[in-house]
Amino acid sequence: MTTATTVKTWYLVHKWTSLVCTLFLLVICLTGLPLIFHHEIEHLFDEGKPVAELPADAPPASLDRIVAQAKALYPNEYVDYVYIDDHEPQVWVGMVPELGKAVEKGHAVRVDLRTAEVLHDGPPYAEDRFSFMGIMLALHVDLFAGLAGELFLGFMGLLFVVAIVSGVVLYGPFMKKLEFGTVRAARSTRLKWLDLHNLLGIVTLVWAFVVGLTGVINELSTPLFRLWQSTELPRILAPYQGRPVPTALASVQQAADTAMKALPDREVSFIAYPGNAFGSPHHYIVWLRGNTPLTSKLNSPVLVDGVTGELSAVARMPWYLTALEISRPLHFGDYGGMPLKILWTLLDLVTIVVLGSGLYLWIARRKATDARVAELVRRHQQATPQRSPA
Amino acid sequence: MTPRQRFWFIWGMPIALGVLSVFGLLAALLGTGAWHWASWVSLSILLLVIARYWWFPSPR
């Protein structure tokens, strides 16, 4: 049973969590619109060559050959990672002039998975941050402030989730006498938008809650990976303590084969080279994705010795990394074809209306809303027997 | 209205739409083909509900 004071408390929680996060959430929702279609947009402005027209069952080239193509362009640089696209038969080979400087100096060469032909020699990530999509991504994820920005926007997302929960609690008392979907359009603009705010908010509740919460989890990806590195890896890395990053590496194709033998029925999605900032100084960390709709989103890490190419360990996937991996598709909306992306766009637009109308309700008629809450409080006090001092 | 009727008067539709949303979000994640269609249809219903009450408010 909601009492008068708790209605008021929840109202204050809803008001303040919303007020603090709304402007940031509006920016996040707006920049999220092009990001839903980042794949299509990047394709449209792609300066590289398209992948070769080959039958779907054309065999992949050896990863060694693919990496050699990238190395031929930058003979003095290190390979940082290999990422195999899950949409198109292409591979990104990450390169760094200096180990551990991927953010500042890294760049990637895109190579056809079957022909090993170079498709695009990409610009440095640092430069890409100021392309249109780079700016959209930065405004959506870290406001150009790196980890601090990620944690800040993550906190804003958390406030958004609290605003959603408190909004649901308030929905009950507000809708006590109203049929679902009532929009009192004729009486006043404020009343109409209050009803629309409630309607749009309650209908998109689960979607906004899921996208909000998975957004927060995505913002925590850097600390979560660091946690995994510092808890799971030391056990495996102990015998390698104090040795430098090896320069003569085992074949990357051999590392991939070793990993796929350790976890059959999976395919390679990502290989972090020895020295990669999110990897190990001594191992290839081979991430393998499954082949069912769900497991294709879940990657499992296998550590392969960087020098011998032999299996070191199949690392355990802690629950928080699984949560992070499952949070990606549920946040991006990229797991159900173009119709799902369009639905994501429309639901995002509805959320913008909920945020905007919430802001409007606060600015336009603060007094009227406060009076309505006072009325609700009074009604509750009348409905529940008062315990007065004798 | 009894307390139970009152509860369902307020929360009936929100719960139904919430269940529909969860189904819609998971269907495309766990299946392909027909499950994708099930996901698209169930999430579209949310938007249709909004359109129905926004554009055709019941006279009051």
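What you see is a predicted model; the values in this text were computed from it and never measured. (Residues numbered from 1 in each chain as written. Chains lettered and ligands numbered in written order. Predicted model: local features only at pLDDT ≥ 70, side-chain atom pairs only at ≥ 80, totals over all residues.)

Peer 1: Help me out: how do you make sense of the overall build of chain A in this one?
Peer 2: Each helix and strand counted, chain A has 14 helices and eight strands in total. In terms of its C-alpha atoms, chain A occupies a principal-axis envelope of roughly 85 × 50 × 35 Å. Counting all 390 residues of chain A, 35% fall into the buried class. When contacts within chain A are restricted to residue pairs at least 6 apart in sequence, long-range pairs at least 24 apart make up 64% of them. (Helix = DSSP H or I, 4+ residues; strand = E, 2+ residues; numbered from the N terminus. Buried ≥ 20, exposed ≤ 12 C-beta atoms within 10 Å, placed from the backbone. Contact = placed C-beta atoms within 7 Å.)

Peer 1: Help me understand the sheet that holds strand β3 (residues 107–112) of chain A in this model?
Peer 2: As a general point, the strands of a sheet are linked pairwise by backbone hydrogen bonds and lie either parallel or antiparallel. Residue and element names in this part refer to chain A. Pairing is antiparallel in the open sheet, where eight strands are placed in the order β4-β3-β2-β1-β5-β6-β7-β8. Each edge of the open sheet carries a strand with a single partner, namely β4 (118–121) and β8 (311–314). The mean inter-strand angle of the sheet, taken between neighbouring strand axes irrespective of direction, is 25°. (Pairing = 2+ DSSP bridges. Axes fitted to C-alpha atoms, helices over the stretch in contact; angles between N-to-C directions.)

Peer 1: Would you explain the interface of chain B and chain A in this entry?
Peer 2: By a widely used convention, the size of an interface equals the accessible area lost when the partners come together. Contacts between the two partners involve 27 residues from chain B and, on the opposite side, 31 residues from chain A. For the side of chain B that touches chain A, the secondary structure elements donating two or more residues are α1 (3–30) and α2 (34–55) of chain B. Residues belonging to the side of chain B that touches chain A are distributed by class as follows: 18 nonpolar, eight polar and one charged. (Nonpolar A, V, L, I, M, F, W, Y, C, P; charged D, E, K, R; others polar.)

Peer 1: Mind showing me how you'd approach helix α3 (residues 63–73) of chain A here?
Peer 2: Every α-helical turn comprises 3.6 residues, leaving residues that sit three or four positions apart pointing alike. All buried positions along α3 of chain A are accounted for by Leu-63, Ile-66, Val-67 and Ala-70 of chain A. One face of α3 of chain A carries all of its buried residues, which in axial projection span an arc of 95°. (Arc of directions from axis to C-beta.)

Peer 1: Whenever I open this one, the pairing of β4 of chain A confuses me. Can you help?
Peer 2: On a regular strand, one side chain projects to one face of the sheet and the next to the other, so that they alternate. Pairing between β3 of chain A and β4 of chain A: three bridges, direction antiparallel. When the bridges of β4 of chain A are listed, Val-109 of chain A appears paired with Asp-121 of chain A.

Peer 1: Just to check I follow, could you spell out the packing of helix α8 (residues 189–203) of chain A against helix α13 (residues 337–364) of chain A for this structure?
Peer 2: If you want to describe how two helices pack, look at the angle between their axes and the distance between the axes. Residue and element names in this part refer to chain A. Remark: α8 packs on α13, axes separated minimally by 9 Å, with the N-to-C direction vectors making an angle of 145°. Helix-helix and strand crossings are classified by hand; for α8 and α13 the assignment is left-handed. Here Arg-190, Trp-193, Leu-194, Leu-196, His-197, Leu-200 and Gly-201 of α8 come into contact with α13, specifically with Val-350, Val-353, Val-354, Ser-357, Gly-358, Tyr-360, Leu-361 and Ala-364. For the contact of α8 with α13, the residue count by class is ten nonpolar, four polar and one charged. (Left-handed = near helix turned anticlockwise from the far one by under 90°.)

Peer 1: Would you explain the environment of Pro-89 of chain A in this entry?
Peer 2: Residue and element names in this part refer to chain A. Checked against the element boundaries, Pro-89 lands in the loop between β1 (78–84) and β2 (90–96). Given 17 C-beta atoms within a 10 Å radius, Pro-89 is considered partly exposed. Linking Pro-89 and Pro-60, residues 29 residues apart in sequence, is a C-alpha distance of 8.2 Å.

Peer 1: Would you mind showing me how to read the nonpolar core here?
Peer 2: Nonpolar side chains tend toward joint burial in soluble globular proteins. Core analysis: the largest hydrophobic core is formed by 42 residues, its most contacted members being Leu-25, Phe-160, Leu-199, Leu-200 and Val-203 of chain A together with Ile-50 of chain B. For this core, the secondary structure elements donating two or more residues are α1 (4–36), α7 (146–174), α8, α9 (205–219) and α13 of chain A together with α1 and α2 of chain B. In terms of residue count, the dominant contributor to this core is α13 of chain A (eight residues). With residues near it in sequence (within four places) discarded, Ile-50 of chain B still touches Leu-199, Leu-200, Val-203 and Val-350 of chain A. Among the nonpolar cores identified, the runner-up in size contains 37 residues, and Val-91, Ile-271, Ile-285 and Trp-287 of chain A belong to it. (Core = buried A, V, L, I, M, F, W, Y, C linked by C-beta atoms within 7 Å.)

Peer 1: Would you take a moment to explain the environment of Ile-202 of chain A for this structure?
Peer 2: Note on placement: Ile-202 of chain A falls in helix α8. Residues contacting Ile-202 of chain A, with those up to four places away along its chain left out, are Tyr-171 of chain A together with Pro-14 of chain B.

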